[in-house]
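Chain and residue survey
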Amino acid sequence: METAYNPSAIESKWYAYWLERKLFESKVDDREPYTIVIPPPNVTGVLHMGHMLNNTIQDVLIRRARLQQKNACWVPGTDHASIATEAKVVARLKQQGIAKETLSREEFLKHAWDWTEEYGGVILAQLKRLGASCDWSRTTFTMDQHMYDSVIEVFIDLYEKGHIYRGYRMVNWDPEAKTTLSDEEVIYQEREGNLYYIQYAYTDGSGALTVATTRPETIFGDVAICVNPEDPRYSDKLGKTVFVPIVNREIPIISDTYVDAEFGTGCLKITPAHDQNDKAIGDKYNLEIIDALNSDATLNAHALHYEGLDRFEARPKIAEELQALGLLLKVEKHLNKVGTSERTGAVIEPRLLDQWFLKMEELVKPAIDAVLKNGEIKLHPSKFDNTYKHWLENIRDWNISRQLWWGQQIPAFYYDNTFVVAKSLEEALEKANERAAEQQSNKRYTAADLRQDEDVLDTWFSSWLWPISVFNGILEPDNKEINYYYPTSDLVTGPDILFFWVARMIISGYEYRKTYPFKNVYLTGLVRDKQGRKMSKSLGNSPDALGLIDTYGADAVRVGLLLSSAAGNDLLFDESLCQQGRNFANKIWNAFRLITSWEGAPIAQPEANKIGIEWFNSQFNSTLDFIEDQYAKYRISDALMALYKLIWDDYCSWLLELIKPAYQQPVDEATKKEAFELMERLLVLLHPFMPFLTEELWQQLDARPEGSSICVAHWPQSGPINQPLIGRFNHTQSLISALRTMRKEKHIKPKEILEIQTQKSDHLLVIPEVLSKLGFTSSIEIIESAGDNTLSVRVETTEYYIPFGTQINVEEEVEKLQKELTYQKGFLEIVNRKLTNKRFVDGAPDEVVAAERKKAADAQEKIQTIEITLSKLG
RNA sequence: GGGUGUUUAGCUCAGUUGGUUUAGAGCGCUACCUUGACAGGGUAGAGGUCAUGGGUUCGAAUCCCUUAACACCCACCA
């Protein structure tokens, strides 16, 4: 066996083995199900650190459930990501010299599918490298036929229930992707801009008023000037009209309390086509709507000679012209928030358009109760409850239409001045004709009269059904899969999609299954670089995920990611974490090499081994209890750290060192057998974190039947804990450590046998067998009082003496003891201060007071022994 | 502008409803050791007035208030 663990060959060998044996596949049976649906990555995405963290956690949970003999089912898949994918396809076509506008819908979709097939498998293959134990036979794509049909079914259902409506509304327009976005897809950024003070002349020639605006290019859409009715500066101007500069259109001066008299000049220009608030005011006062922009954010004919110019190019030119006209009073620097597209980064243009909306007010109610009132769903960490609550309580209607082709086409069919919503053209025709008949019309419609809505649905309008539709629970709500696997168990995802996805899945879950989609939501942190910056392509600070696996091994990378990722806290990723994971893998590898190199012999088991193994069993059980508790709280990294220490410190450093036979000597059969059994239980506990290494060692540890795997081994049960033994072992460990320190300080040879004496004969706390093997001591001698020329070490209140001839440095020893004496005296004083405080003795609980009394007694005893030793040293 | 969270050893973080020694872990650091599992190792050690100021309490890293820095979320101020 090699002296170091070499992951690459082992990883590919076992992953293939697992797939071949179909160990990750799940079928409905009578066991308890444990289900996770993957947050579907973008179909054309590549694995990044966030995915790695996310999916490692899911794999840990699912592998543990599998070991607990649950029916573990992890459903993988990908998302069609309409805007992102369409943007990439458009860009590639452009490279090939093809403009999207020249293609028909069908032709374009053909290109999109080609692209999807080309890149679609990449990220799933990468997840396999990480060791993800998904049921690949269930791989689902949000554009699969049944997924597509589910979305259409839901759209029609919600429409018929009156939750979906079509409305002419101010929406967020992405001029680059030429589509609308939901409010959630708009990211506000602070940008430095200008505040332009523009003069609008009164039409009666009595001078001009000044309006402050950040967007002079929108003056072509101005339909009024609005002031606050309480503003004395303008009280006599109401009812007058002014000229819009450049176009010289006449507009009225109106008043509304919306206007803040303090801001700018107290005059607000009203441009209903280009601003949400202006639209509200326009509606209130029945003002005209003048849209001065084209869909690509260039100015249109309303802007006269600026027609065709981009909005940002036009802005300074308009300012120049105003300057020339003497109408630009001043320009001030102004910091304002600009909405940008999450996908393309383009500055969002508010625009009035016909769009489809989902009414949220009613749908959202059970989703609020589920998390905040009934506790049916728990968020981990729970600090996200507030964020969740705030969003749901202030939710607005969801714009679900997108002006794209890649996605589920909205099943609305227009004819004459109306429309029907239907699954297919045939059904739409039927409906249209039925309706005509109802209205006593003789008109018969044909396919040529109907035109399907060109738009597709928001990507999230398909992924919000994911936990239901992957089990076909929309189209066949009573099929046995959905009834068995749903509600799923845990969801693991990033907090950045809490609203986009998590909240909406909860909403759809209650609407379509009358219950929650998952019981627990584990929100991971964002993966940042060492300097705390978000990992991003543009910064180039994201390590190559697969490169890390190549360098350190998948197990090491998994451990590295988990070691410092408390739920919900961001994690600063550093490659040294992977090194730590790799070192751990190597440590286990070598522990395995050690025990398997032992030759077993039919000899009596040494007492030390018996005690050591009993101690380790107790330690194991105690740690297992702790680990179970950490899992229950979704504290995965703490569970891993406890296991790390159990293996490295307790198993390797203490137990194996204790039972290790002398060089080239055999070990007794019983010890060998027990060491193997313990190793096997540790491997099972470790398997969810390090699947490859544990499989390799588990297979080598014993002759396994054909086709067996640690993946489906049994999770260990906790057993009795011998607490007094743990106490004595700890005491012995402390004494051994103290001796090691002493040897180092006094330059005594590390393995030189020492004699140990102690006065405490009544209850010997030390385990002599362990002490003599690991502390290199002869048997312990009980003495009446310390002799001359001894060194002393103390564990708790017990003093141990080591006779050491005349060579000891008395001064040094005295100094050390004096220091300790001072500390103990100071400590005793603090405790006594409490104990002499009547209010403490009366007020504090009895056990606390008793504990303080014990401290005082212990300290006194220590002081006494130190003083005796000091007096001996003279 | 509103909200939430964070601030504990050089770094990353624990610290569970205030009370087991005048605070813990992992990594890093320092010294020494190391030819019998592992130098990707062993042993030991050093490192913190728990962000600030105040308050409650017999007792505060822990509860309350002030201030500061940082992070995230939400919001239509031209």
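Higher on the page you've got the structure.
One structure accompanies this document, and this report is about it. It should be emphasised that the depicted structure is a prediction, and the values quoted were computed from it without experimental measurement. In this numbering scheme, every chain counts its residues from 1 along its sequence in written order. A letter from A marks each chain and a number from 1 marks each ligand, given out in the order of writing. For this predicted model, a pLDDT threshold of at least 70 governs which residues receive local features, and a threshold of 80 or more governs which side-chain atom pairs are given and counted, while totals over whole chains, interfaces and linings are taken from all residues. Side-chain numbers come from the whole structure's heavy atoms, not from hydrogens or water.

**Section: the overall build of chain A**
Comment: elements are numbered from the N terminus, with helices defined as DSSP H or I runs of at least four residues and strands as E runs of at least two. Of regular secondary structure, chain A possesses 27 helices and 31 strands. For the radius of gyration, the atoms used are the C-alpha atoms, and the globule rule reads 2.2 Å times the number of residues raised to 0.38. Computed over its C-alpha atoms, the radius of gyration of chain A comes to 37 Å, more than 25% above the 29 Å expected for a compact globule of 874 residues. Once the C-alpha set of chain A is aligned to its principal axes, its extents read approximately 115 × 70 × 55 Å. Any residue under 20% of the maximum accessible area for its type is buried, any over 50% is exposed, and the rest in between are partly exposed; the area is computed with a 1.4 Å probe on protein chains only. Taken across its 874 residues, chain A has 54% of its residues classed as buried. Considering only contacts within chain A whose residues lie at least 6 apart along the sequence, 77% involve residues at least 24 apart. Whether two residues touch is decided by their heavy atoms; if any such pair falls within 4.5 Å, the residues are in contact.

**Digging into the environment of Ser182**
Structurally, the position occupied by Ser182 is in the loop between strand E6 (179–181) and strand E7 (186–201). Sequence separation between Ser182 and Met505 is 323 residues; the distance between their C-alpha atoms is 17 Å. The contacts of Ser182, once residues within four sequence positions are left out, are Asn172, Trp398, Asn399 and Arg402.

**Description of the nonpolar core**
Here, the term nonpolar core denotes a set of buried Ala, Val, Leu, Ile, Met, Phe, Trp, Tyr and Cys residues that are joined through side-chain atoms within 4.5 Å. One finds Met52, Trp356, Leu358, Phe461, Ile506, Tyr651 and Phe689 to be the most contacted residues of the largest nonpolar core, which totals 204 residues. Tallying contributions element by element places helix H20 (residues 636–659) first for this core, with 15 residues. Not counting the four nearest positions on each side in its chain, Ile506 is found in contact with Ala367, Ala370, Val371, Ile377, Tyr388, Pro517 and Phe518. Tyr202, Val211, Ala319 and Leu328 belong to the second-largest nonpolar core, a separate cluster that totals 28 residues.

**Structural notes on the environment of Ala447**
In this structure, Ala447 sits in the loop between helix H11 (425–438) and strand E20 (451–452). For the pair Ala447 and Leu47, spaced 400 residues apart in sequence, the C-alpha separation works out to 45 Å. Leave out the neighbours within four places in its chain, and Ala447 touches Leu425 and Leu429.

**Looking at the packing of helix H23 (residues 723–746) against helix H24 (residues 768–775)**
How two helices pack is summed up by the angle between their axes together with the distance between the axes. Here the axes come from fitting lines to C-alpha atoms, over the contacting stretch only for helices, and the angles between their N-to-C directions go from 0 to 180 degrees. Their axes nearest at 10 Å, the elements H23 and H24 cross at an angle of 30°. When the axes of H23 and H24 are compared, the pair comes out roughly parallel. Crossing of H23 over H24 shows right-handed handedness. Where H23 approaches H24, its residues Arg728, Phe729, Thr732, Leu735, Ile736, Leu739, Arg740 and Arg743 are matched on the opposing element by Pro768, Val770, Leu771, Leu774 and Gly775. Each residue receives one of three labels: charged for Asp, Glu, Lys and Arg, nonpolar for Ala, Val, Leu, Ile, Met, Phe, Trp, Tyr, Cys and Pro, and polar for the others, Gly being one of them. For the contact of H23 with H24, a count of residues per class yields eight nonpolar, two polar and three charged. Roughly parallel here means an angle under 35 degrees, roughly antiparallel means over 145, roughly perpendicular means 65 to 115, and every remaining angle is called oblique. Should the near helix be turned counterclockwise from the far one by less than a right angle, the crossing is left-handed, whereas a clockwise turn marks it as right-handed.

**Observations regarding the packing of aromatic side chains**
Pairing of aromatic side chains here covers Phe, Tyr and the six-membered ring of Trp, requires ring centres within 6.5 Å, and sorts the geometry by plane angle: under 30 degrees stacked, over 60 edge-to-face, intermediate tilted. If you walk through the whole model with that rule in mind, you get 38 aromatic pairs. Between the aromatic rings of Phe584 and Tyr644, the centroid separation amounts to 4.6 Å while the plane-to-plane angle is 45°, which identifies the pairing as tilted. Of this pair, Phe584 sits in helix H18 (residues 575–597) while Tyr644 sits in helix H20; the two residues are 60 residues apart in sequence, bridging distant segments of the chain. Both residues of the pair, Phe584 and Tyr644, count as buried. A network of ring pairs unites the aromatic residues Phe155, Tyr159, Trp356, Trp398, Tyr414, Phe419, Phe461 and Trp464 as a single cluster.

**Description of the sheet that holds strand E5 (residues 164–174)**
Two strands make a pair as long as DSSP finds a minimum of two bridges between them. On the basis of which strands lie adjacent, the open sheet formed by four strands has the order E6-E5-E14-E16 and antiparallel pairing. The open sheet has two edge strands, E6 and strand E16 (398–399), and neither has a second partner. Sheet topology places E5 next to strand E14 (residues 349–358); ten bridges connect them, and they run antiparallel. In the sheet register, Arg166 faces E14, and the bridge partner there is Trp356.

**Here we look at unusual backbone geometry**
Put simply, His380 and Pro381 share a cis peptide bond, and its omega is 0°. Mapped onto the elements, Pro381 comes out in the loop between strand E15 (378–380) and helix H10 (384–393). Cis geometry marks the peptide bond from Tyr486 to Pro487; its omega dihedral reads -5°. Mapping Pro487 onto the fold places it in the loop between helix H14 (480–485) and strand E22 (488–493). For Ala297, which is not glycine, the phi torsion reads 65° and is therefore positive.

**Section: the sheet that holds strand E13 (residues 328–341)**
Overall, antiparallel pairing links the three strands, which are arranged E8-E7-E13 in an open sheet. Only two strands of the sheet have a single neighbouring strand rather than two, namely strand E8 (208–213) and E13. Ignoring which end each strand starts from, the neighbouring axes of this sheet average 20° apart. Strand direction decides the pairing type here: E7 and E13, joined by 13 bridges, are antiparallel.

**Digging into the protein's contact with RNA strand B**
The local shell around RNA strand B holds 58 residues, among which Asp260, Phe263, Lys337, Gln580 and Phe827 are the closest. Take the atoms of RNA strand B that sit within 4 Å of the protein: sugar and phosphate atoms are 55% of them. Two N or O atoms count as a polar contact when they lie within 3.5 Å, although within protein this holds only if one can serve as hydrogen donor and the other as acceptor, and sequence-adjacent residues are included solely when both atoms are side-chain atoms. Note that a sugar or linking oxygen of RNA strand B is positioned 2.8 Å from one of the side-chain N or O atoms of Arg593. Take Tyr644: an N or O atom from its side chain is 3.4 Å from a phosphate oxygen of RNA strand B. Element by element, the count of residues in the surface near RNA strand B is highest for H18, at nine residues. Tallied by class, the residues present in the surface near RNA strand B amount to 22 nonpolar, 17 polar and 19 charged. We call a residue near a molecule or strand as soon as one heavy atom of that residue lies within 4 Å of the molecule or strand.

**Focus on the pairing of strand E9 (residues 224–227)**
Side-chain alternation along E9 places Ala224 and Cys226 on one buried face and Ile225 and Val227 on a second face that is also buried. Of the strand pairs in this sheet, E9 and strand E12 (residues 267–270) are connected by four bridges, and their pairing is antiparallel. Residue Val227 lies in a different strand from E12, and its bridge partner there is Cys267. Note: E9 against strand E11 (residues 250–255), three bridges, orientation parallel. Considered in E11, the bridge of Ile225 is made with Ile253.

**Some remarks on a nonpolar patch on the surface**
Residues form patches when they are more than 30% accessible in relative terms and have no salt bridge. Like charges link within 9 Å. Nonpolar side chains (Val, Leu, Ile, Met, Phe, Trp, Tyr) link within 5 Å. Methods summary: accessible areas were calculated by the Shrake-Rupley approach with a probe of 1.4 Å, and residue burial reflects only the protein chains presented. The term salt bridge refers to a side-chain nitrogen of Lys or Arg lying within 4 Å of a carboxyl oxygen of Asp or Glu. The grouping of Val46, Tyr119 and Val122 at the surface amounts to a nonpolar patch, some 220 Å² of accessible area in total. Mapping Val46 onto the fold places it in the loop between strand E1 (33–37) and helix H2 (49–67). Overall, the relative accessible area of 46% leaves Val46 in the partly exposed class.

**Observations regarding the state of the cysteines**
The disulfide definition used here is simple: a pair of cysteine sulfur atoms within 2.5 Å. Counted by the stated rule, this structure contains zero disulfides. As a non-bridged cysteine, Cys267 has Cys226 as the owner of its nearest cysteine sulfur, 9.2 Å distant. Residue Cys267 is classed as buried on the basis of its relative accessible area, which comes to 6%.

**Focus on the side chain of Arg402**
Within the secondary structure layout, Arg402 lies in strand E17 (residues 401–402). Relative accessible area serves as the criterion here: at 0%, Arg402 is assigned to the buried category. Reaching out from Arg402, the side chain makes a polar contact with the backbone oxygen of Thr180 at a distance of 3.4 Å. At a separation of 3.0 Å, a polar atom in the side chain of Arg402 contacts the main-chain carbonyl oxygen of Asn399. Filtering out sequence-adjacent residues up to four positions away, Arg402 remains in contact with Ile83, Thr179, Thr180, Leu181, Ser182, Glu185, Asp455, Val456, Leu457 and Asp458.

**Considerations on helix H16 (residues 545–552)**
Owing to its 3.6 residues per turn, the α-helix brings residues three or four apart onto one side. Within H16, burial applies to Ala545, Gly547, Leu548, Ile549 and Tyr552. Of the surrounding secondary structure, the elements contacted by the buried residues of H16 are helix H1 (7–20), H2, helix H5 (122–130), helix H17 (554–563) and H18.

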